[in-house]
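Read off the chains here:
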There are 2 protein chains.
Amino acid sequence: MSFLTQDKLTIVGAAGMIGSNMAQTAAMMSLTPNICLYDPFPTGLEGVAEEIRHCGFEGLNLTFTSCIKEALTGAKYVVSSGGAPRKDGMTREDLLKGNAEIAAQLGKDIKTYCPDVRHVVIIFNPADITGLVTLIHSGLRPEQVTTLAALDSTRLQSELAKHFGVAQSEVVGARTYGGHGEAMAVFSSGATVAGQSLSSLIGTDKLPEATWAEIKERVTKGGANIIKLRGRSSFQSPAYVSIEMIRAAMGGAPFRWPAGCYVAIPGLDHVVMGMETVIDKDGVHYSHELKGSESEKAALKKSYEHLVKMRDEVIAMGVIPAVADWKSVNPNL
Amino acid sequence: MSFLTQDKLTIVGAAGMIGSNMAQTAAMMSLTPNICLYDPFPTGLEGVAEEIRHCGFEGLNLTFTSCIKEALTGAKYVVSSGGAPRKDGMTREDLLKGNAEIAAQLGKDIKTYCPDVRHVVIIFNPADITGLVTLIHSGLRPEQVTTLAALDSTRLQSELAKHFGVAQSEVVGARTYGGHGEAMAVFSSGATVAGQSLSSLIGTDKLPEATWAEIKERVTKGGANIIKLRGRSSFQSPAYVSIEMIRAAMGGAPFRWPAGCYVAIPGLDHVVMGMETVIDKDGVHYSHELKGSESEKAALKKSYEHLVKMRDEVIAMGVIPAVADWKSVNPNL
């Protein structure tokens, strides 16, 4: 069996639907023999470990633990889906606070137990915020932390393919940027459908403005639609795509979709958000040149402002310090 | 994107936990671009299809339908997890009857809509019986139908690895044969642990008889243990392993574990059960030479007799004809 690396990959939240799928996906991709599953819920975690063992993956050295110290010690790569889902009676703010606190603790644990980690992918929601909080508290460099943002772009690709009746792969360059939430910025420029520019199709009979607006609506509500159809949150696509991200960071196939990353451009800074990115062995790199129409740039700015508002709420909650003080916690920022 | 084949693969029961995992697994393995998902439950099915689309698999031509005719037409490979789970108040016989009837209909549908199918893998329980019923009604050759039996062997491998504290892949040749149920025959001969014969270890300090009995007990109760730990039936390992089986039938990597197949050996005949098998492009082949100790052979015989009893129940239910009349339904038997 040949693996991409021998380095330890730790999957945080492995007892959940996303985490358990990530474990199987990582094993199937032969990323590394050394996969460690972590979850605070030991019974479900053992069940997942048993399932993966019963797959009989050749050469896999699977471990699992409910001790975060053991899970992170020696980890070179970490993917975390380990947030809490929104429960009955919880407000959006309760969820934000709860998951931001989980992210803060994860960041601190990374700093304590695996300061030499190479890359961390954060996917629990709101991922832009939890990724930012993890980055701040971990002390890592901005290139080392990414968040799952790609599903909005894959959903755009899928919706366009359905609308035009073409194969999904014939839609190239479908992109959303900014926040991974309803305030995302859906771009048309840069995308092509069977070789034809998407922007040139919008407003024609082939894609009337109203239909384009509906497509954008379906993209921003893509996650809610899965809940409606399956009766449960999306878990296969976030698991698969986030493992594609960590594979790229391990030096494997380049990651083809936007990732959420720490952005420092004048006017767009001190947040984590979805950008045009490349993930490779050196981490994530993003394009500083903002392409797109004026209205697309305005939508991105609006999405950014929504993120700033959420970020400031988390500052007000005391989970992260004020922006001016980030350097004191993480000198890389 | 390079695929193993361009042939259509139909996944039956794709809205369920196993079926949806099979869809993702098959796409990840790049078996074929032409994957068709079938389920009688259209809403959940659409949700699964959306999830797979959101993974953004390059070149994948995913279709889904709740029309079995559309699903099977042109299919060259079929994997079915499409049985009903046992519900409250149902007896084991109710389950057997219900799933045998589903298998009979699947067999008839295969005969009607895709008589040129190359290979069919059946995994819904009791898989030995549902596989046999499908084979009889499909009119296919015995080589063309296999059932999932491997998880008992992978569980044995896993339990032995845990007991001896070795890597799972250091346990070679772990095997169970016969029925995929509690009456399975767990073999020790042929297995080695870190190069040492398992049979020679049994009864020594390293593996006292009582401990070996406990291990066998854990293997036969492996599925029940997953339910206890995860609160749901095993779904990742059956999905992954069954897609490994169909990959082998497509001409991909050889399948490394026992498969359930139609057996015709004097004294062991007219059943489908787990044997030492090879699955390749020409289908499944099994070893006619029964290795093992006398007590192992006796256990296999006992397991066979249990299957015969279940088979005869299904005959009594009228789902399949009497053994002597199988040829009138399927001349290949």
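Residues numbered from 1 in each chain as written. Chains lettered and ligands numbered in written order. Predicted model: local features only at pLDDT ≥ 70, side-chain atom pairs only at ≥ 80, totals over all residues. Heavy atoms only, no water.

## Considering the overall build of chain A
The number of helices and strands found in chain A is 12 helices and 15 strands. Taken over C-alpha atoms, the radius of gyration comes to 19 Å for chain A, in line with the 20 Å a tight globule of 333 residues would show. With respect to the three principal axes, the spread of C-alpha positions in chain A is 60 × 50 × 40 Å. Counting across all 333 residues of chain A, residues that qualify as buried make up 57%. Only carbon and sulfur atoms are counted for the fraction: they give 52% of the accessible area of chain A, which is about 12600 Å². Within chain A, the 35 negative side-chain charges are centred at a point lying 0 Å from the centre of the 32 positive side-chain charges. (Helix = DSSP H or I, 4+ residues; strand = E, 2+ residues; numbered from the N terminus. Rg over C-alpha atoms; globule rule 2.2 N^0.38 Å. Buried < 20%, exposed > 50% of the residue type's maximum accessible area, 1.4 Å probe, protein only. Areas by Shrake-Rupley, 256 points an atom, 1.4 Å probe, with all protein chains shown as cover. Lys, Arg positive; Asp, Glu negative; His and termini not counted. Charge placed at Lys NZ, Arg CZ, Asp CG, Glu CD.)

## Focus: the domain arrangement of chain A
Residues and elements named next belong to chain A. Each domain of chain A was delimited in the assignment, giving domain 1 (8-148) and domain 2 (150-236 + 252-316). A separation of 24 Å is found between the C-alpha centroids of domain 1 and domain 2. If you look at the interface, domain 1 gives 22 residues, while domain 2 gives 27 residues. On the domain 1 side of the contact with domain 2, Asp128, Leu132 and Leu148 bury the most area, a combined 29% of that side's loss. The interface formed by domain 1 and domain 2 holds zero salt bridges in total. Scanning the region where domain 1 abuts domain 2 turns up three residue pairs in polar contact (both at pLDDT 80 or more). When contributions to the side of domain 1 that touches domain 2 are tallied by element, the ones reaching two or more residues are α1 (17-28), α4 (92-113), α5 (127-138) and β6 (145-147). When residues of the side of domain 1 that touches domain 2 are assigned to their parent elements, the largest contribution, six residues, is made by α5. Of the residues contributing to the side of domain 1 that touches domain 2, the split by class is 12 nonpolar, six polar and four charged. (Domains from an automatic or database assignment. Contact = heavy atoms within 4.5 Å. Buried area = accessible area lost by both parts, 1.4 Å probe. Salt bridge = Lys/Arg side-chain N within 4 Å of Asp/Glu carboxyl O. Polar contact = N/O pair within 3.5 Å; in protein donor to acceptor, adjacent residues only side chain to side chain. Nonpolar A, V, L, I, M, F, W, Y, C, P; charged D, E, K, R; others polar.)

## Notes on the relation of the copies chain B and chain A
With an axial shift of 0.0 Å and an RMSD of 0.0 Å, the rotation relating chain B to chain A amounts to 180 degrees. Both copies of the chain, as the preceding transformation shows, are related through a two-fold rotation axis. Interface overlap between copies: 100% of the residues of chain B at the interface are likewise at the interface in chain A, consistent with a symmetric, same-surface contact. (Least-squares fit on C-alpha atoms with pLDDT ≥ 70 in both.)

## Some details on the pattern of salt bridges
Counted by the stated rule, this structure contains 28 salt bridges over all chains. Linking Arg311 of chain A and Asp312 of chain A is a salt bridge whose minimum nitrogen-to-oxygen distance equals 3.1 Å. The residue Glu244 of chain B makes a salt bridge to Arg247 of chain B at a minimum N-O spacing of 3.8 Å. Linking Glu244 of chain B with Arg247 of chain B, this pair stays in helix α10 (residues 236-249), spanning three residues, or about one helical turn. For Glu244 of chain B, a relative accessible area of 4% corresponds to the buried category. What emerges from the salt-bridge pattern is a single network uniting Glu50 of chain A together with Glu159, Lys162 and Arg218 of chain B.

## Re the interface of chain B and chain A
Think of interface size as the accessible area that goes away when the parts come together; that is how it is often given. Every contact between the two is made by 50 residues of chain B and, on the other side, 50 residues of chain A. For the pair chain B and chain A, the two sides together bury roughly 4100 Å², of which 48% comes from carbon and sulfur. Counting the surface chain B buries against chain A, the share from its top three residues, Glu51, Arg53 and His54 of chain B, is 18%. Across the contact surface, chain B and chain A share six salt bridges. Across the pair Glu50 of chain A and Lys162 of chain B runs a salt bridge whose closest N-O atoms are separated by 2.6 Å.

## Overview of helix α6 (residues 150-164) of chain B
Residue and element names in this part refer to chain B. Here α6 is 15 residues long and its end C-alpha atoms lie 21 Å apart, about the 21 Å a rise of 1.5 Å per residue gives. The element α6 is largely enclosed, with a buried count of 12 among its 15 residues. Inspection of α6 places Ala150, Leu151, Asp152, Ser153, Thr154, Arg155, Leu156, Gln157, Ser158, Glu159, Leu160 and Ala161 among the buried residues, and these make up the whole buried set. Positive phi appears at Gly165, one or two residues downstream of α6, with a value of about 65 degrees. (Expected span 1.5 Å × (residues − 1).)

## Describing the packing of helix α2 (residues 42-54) of chain A against α6 of chain B
The contact between α2 of chain A and α6 of chain B brings their axes to 8 Å, and the two run at 115 degrees. Classed by the angle they form, the pair α2 of chain A and α6 of chain B counts as roughly perpendicular. The chirality of how α2 of chain A crosses α6 of chain B is right-handed. Between α2 of chain A, through Glu50, Arg53 and His54 of chain A, and α6 of chain B, the contact on the second element is made entirely by Leu151, Thr154, Arg155, Ser158, Glu159, Ala161 and Lys162 of chain B. A breakdown of the residues in the contact of α2 of chain A with α6 of chain B according to their chemical character gives two nonpolar, three polar and five charged. (Axes fitted to C-alpha atoms, helices over the stretch in contact; angles between N-to-C directions. Parallel < 35°, antiparallel > 145°, perpendicular 65-115°, else oblique. Left-handed = near helix turned anticlockwise from the far one by under 90°.)

## Here we look at the sheet that holds strand β5 (residues 119-122) of chain B
Residues and elements named next belong to chain B. Spatial ordering of the open sheet is given by β3-β2-β1-β4-β5-β6-β12-β13, a layout of eight strands whose pairing is mixed. Two strands bound the open sheet, and with one partner strand each, they are β3 (61-65) and β13 (268-275). Within the sheet, the average angular offset between the axes of one strand and its neighbour, ignoring direction, is 25 degrees. Sheet analysis places strand β1 (residues 8-12) next to strand β4 (residues 75-80), joined by five bridges and oriented parallel. (Pairing = 2+ DSSP bridges.)

## Describing helix α2 (residues 42-55) of chain B
The first and last C-alpha atoms of α2 of chain B sit 20 Å apart over 14 residues, in line with the 20 Å expected at 1.5 Å per residue. Buried residues dominate α2 of chain B, accounting for 11 of its 14 residues. Among the residues of α2 of chain B, those classed as buried are Gly44, Leu45, Gly47, Val48, Ala49, Glu50, Glu51, Ile52, Arg53, His54 and Cys55 of chain B. Looking at the buried positions of α2 of chain B, the neighbouring elements they touch are α6 (150-164), α9 (222-230) and α10 (236-249) of chain A together with α1 (17-28), β2 (34-38) and β3 of chain B.

## Let's talk about the UniProt feature "binding site: NAD(+)" (unreviewed entry) in chain A
Residue and element names in this part refer to chain A. According to UniProt, the positions carrying the feature "binding site: NAD(+)" (unreviewed entry) are Gly13, Ala14, Ala15, Gly16, Met17, Ile18, Gly19, Asp39, Asn99, Ile123, Phe124 and Asn125. Along the chain, Asn99 turns up in helix α4. The contacts of Asn99, once residues within four sequence positions are left out, are Gly83, Ala84, Phe124, Asn125 and Thr130. Note that Asn125 resides in the loop between β5 (119-122) and α5. (UniProt positions renumbered as here; feature names shortened; annotations may be inferred.)

## Digging into the packing of aromatic side chains
Residues and elements named next belong to chain A. Evaluated as defined, the whole model comprises six aromatic pairs over all chains. Note on Tyr177 and Phe187: the rings are 4.8 Å apart at their centroids and 80 degrees apart in plane angle, and the pair reads as edge-to-face. Of the two residues, Tyr177 is situated in strand β8 (residues 175-177) and Phe187 in strand β9 (residues 185-187); the sequence distance between them amounts to 10 residues. Assessed through its relative accessible area of 13%, Tyr177 is described here as buried. The exposure class assigned to Phe187 is buried, which follows from its relative accessible area of 3%. (Phe/Tyr/Trp six-rings, centres within 6.5 Å; stacked < 30°, edge-to-face > 60°.)

## Regarding the nonpolar core
Counting 184 residues, the largest nonpolar core has Leu9 and Leu37 of chain A together with Leu9 and Leu37 of chain B as the members making the most contacts within it. Looking at which domains feed residues into this core, each of domain 1 (8-148) and domain 2 (150-236 + 252-316) of chain A gives three or more. In contact with Leu37 of chain A, not counting residues within four places along its chain, are Ile11, Ala14, Ala23, Leu45, Val48, Ala49, Leu62, Thr63, Phe64 and Thr65 of chain A. (Core = buried A, V, L, I, M, F, W, Y, C linked by side-chain atoms within 4.5 Å.)

## Side note on unusual backbone geometry
The peptide bond linking Asn125 of chain A to Pro126 of chain A adopts the cis configuration, its omega dihedral lying at -10 degrees. Inspection of the secondary structure assignment puts Pro126 of chain A in the loop between β5 and α5. Residues other than glycine seldom take positive phi values, yet Ala194 of chain B does so here, at roughly 50 degrees. Looking at the element boundaries, Ala194 of chain B is found in the loop between β10 (192-193) and β11 (196-197). In this structure, His270 of chain B is a non-glycine residue whose phi angle is positive, near 60 degrees.

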